[in-house]
Amino acid sequence: SKWEKLEQLLHEKDEWPTVYLFKFIVKNNEEKINEVKAHFEEGEITLNYSKNGNYVSVSIKEMMIEPSAVIHRYKQVGKIEGVLSL
């Protein structure tokens, strides 16, 4: 699965724990942005708005213990309708 591949890549790429950069694209809707943010209490969050203001790139840097924690977070945020994980 794509998650198994990602987990394997993360194991090979980084020393753990590490600060991981999550990126999501969300429609410019405060409720959706807050839903994403709610999954990252400890993270450093950066919002970048698209040129026409319809979309927001949500970047979050957070210390993660292990690759499976990263996968879990992606799956949780992936349940939010209209959120694209990068």
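Please refer to the structure higher up on the page.
Predicted, not measured: the structure shown is a model, and the values here were computed from it. (Residues numbered from 1 in each chain as written. Predicted model: local features only at pLDDT ≥ 70, side-chain atom pairs only at ≥ 80, totals over all residues. Heavy atoms only, no water.)

### Brief notes about the pairing of strand 1 (residues 18–27)
Right, so step 1: Only one face of strand 1 is buried, namely the one carrying Thr 18, Tyr 20, Phe 22, Phe 24 and Val 26, since none of Val 19, Leu 21, Lys 23, Ile 25 and Lys 27 on the opposite face is buried.
Right, so step 2: Where strand 1 lies against strand 3 (residues 55–64), ten bridges are found, and the strand directions are antiparallel. Each residue of the ladder has a partner; that of Tyr 20, found in strand 3, is Glu 62.
Right, so step 3: In this sheet, strand 4 (residues 83–85) lies alongside strand 1 in antiparallel orientation, the contact comprising three bridges. Residue pairing for strand 4: Val 26 is matched across the bridge by Val 83. (Buried < 20%, exposed > 50% of the residue type's maximum accessible area, 1.4 Å probe, protein only. Helix = DSSP H or I, 4+ residues; strand = E, 2+ residues; numbered from the N terminus. Pairing = 2+ DSSP bridges.)

### What to know about the pattern of salt bridges
Right, so step 1: Within the structure shown, the criterion is met by two salt bridges.
Right, so step 2: Residue Lys 32 pairs with Glu 35 through a salt bridge whose shortest N-O separation is 4.0 Å. Of this pair, Lys 32 and Glu 35 both sit in helix 2 (residues 30–37), three residues apart, roughly one helical turn.
Right, so step 3: Take Lys 32: its relative accessible area is 22%, and that puts it in the partly exposed class.
Right, so step 4: Note on Glu 35: relative accessible area 30%, which makes it partly exposed.
Right, so step 5: Here Arg 73 makes a salt bridge to Glu 62, at a shortest N to O gap of 2.5 Å. Here Arg 73, found in helix 3 (residues 67–78), pairs with Glu 62, found in strand 3; they are eleven residues apart in sequence, far enough to count as distant. In this pair, the class of Arg 73 matches that of Glu 62, namely buried. (Salt bridge = Lys/Arg side-chain N within 4 Å of Asp/Glu carboxyl O.)

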